[in-house]
Amino acid sequence: MALLQITEPGEAVDPHARKRAVGIDLGTTNSLVASVRGSVPETIADESGTHLLPSAVRYLDDGVVVGAEALDAAGDDPLNTIVSVKRMMGRGADDVTEVAYEVVGDDAAPRLRTVAGDVSPVEVSAEILRRLGARAQDALGGELDGVVVTVPAYFDDAQRQATKDAARLAGLNVLRLLNEPTAAAVAYGLDADAEGVVAVYDLGGG
């Protein structure tokens, strides 16, 4: 059986047009962005050659710092340096009580107080995703057509929606959310009808 793509006259998509898409692991401790180039999947490094981006965001009076520089300041400026924000995504105030930050706002949509103003977990995650998106665009030489973001298998609908909202706030088009164990299985070729029993472990920072 053949699959046919039917479009309106003049609106057919060029099948040879180059598309830019990346996968993003928005991690509790560290985050990564990767793409397939020359049929080989590879993570994308920043300008200094570093692949891992610490999932830390520091808010200042005059801007935002993301990554290693933010993480380095966590000890000196803990109230304005948000780490492990993934734990708070899509959660209510009752679920984020055991954090070092000042939680304010509505019980259903808590916000974290910083020197730059109150921010939601979605907004914090968006800063991380925005940095990874910019890194990918620099490496691939143009705007991204879309991203696939991995999420924990246990994430409920609210947590998944919060992840989508963060990506969109960062200006990224979400093609799909993919469970992290599924992403690991696909990465190791387990979608190619491999025979045998396979166990997939996710030993992430969360």
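Here, every reference points to the structure presented above.
Residues numbered from 1 in each chain as written. Predicted model: local features only at pLDDT ≥ 70, side-chain atom pairs only at ≥ 80, totals over all residues. Heavy atoms only, no water.

Engineer: Even after reading the chapter, I still don't get the overall build of the protein, so can you show me in this structure?
Structural biologist: Looking only at helices and strands, one finds 4 helices and 12 strands in the protein. The burial tally for the protein puts 35% of its 206 residues in the buried class. Of the contacts formed within the protein by residues at least 6 apart in sequence, a portion of 57% connects residues at least 24 apart. Taken as a whole, the protein presents about 12400 Å² of accessible surface, with 50% of it coming from carbon and sulfur. (Helix = DSSP H or I, 4+ residues; strand = E, 2+ residues; numbered from the N terminus. Buried < 20%, exposed > 50% of the residue type's maximum accessible area, 1.4 Å probe, protein only. Contact = heavy atoms within 4.5 Å. Areas by Shrake-Rupley, 256 points an atom, 1.4 Å probe, with all protein chains shown as cover.)

Engineer: Please clarify how the pattern of salt bridges should be interpreted in this entry.
Structural biologist: It is possible for side chains of opposite charge to pair when their charged atoms get near one another. By the definition in use, this model includes 7 salt bridges. A salt bridge links glutamate 180 to lysine 86; its shortest N-O distance comes to 2.7 Å. Within this pair, whereas glutamate 180 is found in helix 4 (residues 180-187), its partner lysine 86 is found in the loop between strand 7 (81-83) and strand 8 (103-105), the two being separated by 94 residues in sequence. We note that glutamate 180, like lysine 86, is buried. Between glutamate 102 and arginine 113 there is a salt bridge, with its nearest N and O atoms 3.8 Å apart. Of this pair, glutamate 102 sits in the loop between strand 7 and strand 8 while arginine 113 is found in strand 9 (residues 110-114), placing the two residues 11 residues apart along the sequence. Taking the relative accessible area as the measure of exposure, glutamate 102 reaches 44% and is therefore partly exposed. Ionic contacts of the salt-bridge type, sharing partners, join the residues Glu102, Arg113 and Asp118 into one network. (Salt bridge = Lys/Arg side-chain N within 4 Å of Asp/Glu carboxyl O.)

Engineer: What should I look at first to understand the sheet that holds strand 6 (residues 63-66) in this one?
Structural biologist: Pairing between the strands of a sheet comes from backbone hydrogen bonds, and it takes one of two forms, parallel or antiparallel. The sheet built from 3 strands is open, its strands ordered 6-5-7 with antiparallel pairing. Looking at which strands have only one partner, the edges of the open sheet turn out to be strand 6 and strand 7. Direction aside, neighbouring strands of the sheet carry axes that sit 20 degrees apart on average. Together, strand 5 (56-60), strand 6 and strand 7 form the strand contacts of helix 2 (residues 121-140), whose direction differs from that of strand 5 by roughly 110 degrees. (Pairing = 2+ DSSP bridges. Axes fitted to C-alpha atoms, helices over the stretch in contact; angles between N-to-C directions.)

Engineer: Would you mind showing me how to read the environment of valine 149 here?
Structural biologist: Following the sequence through the fold, valine 149 ends up in strand 11 (residues 146-151). Placed 123 residues apart in sequence, valine 149 and leucine 26 show a C-alpha to C-alpha distance of 7.0 Å. Ignoring sequence-local partners within four residues, the contact set of valine 149 consists of Ile24, Leu26, Thr163, Arg176, Leu177 and Leu178.

Engineer: When you look at the pairing of strand 11 in this model, what are you seeing that I'm missing?
Structural biologist: Sheet faces and side chains relate simply in a regular strand, where the side chains alternate between the two faces. Of all 6 residues in strand 11, 5 are buried; the element is thus mostly enclosed. Summarising the sheet, strand 1 (residues 21-25) and strand 11 pair through 5 bridges and their orientation is parallel. Bridged to glycine 23 within strand 11 is valine 148. Bridging between strand 11 and strand 12 (residues 174-179) involves 5 bridges; their strand directions are parallel. Note on strand 12: the bridge partner recorded for valine 148 is arginine 176. Crossover connection from strand 11 via helix 3 (residues 157-169) to parallel strand 12: handedness right-handed. (Right-handed = clockwise from strand over helix to strand, strands pointing away.)

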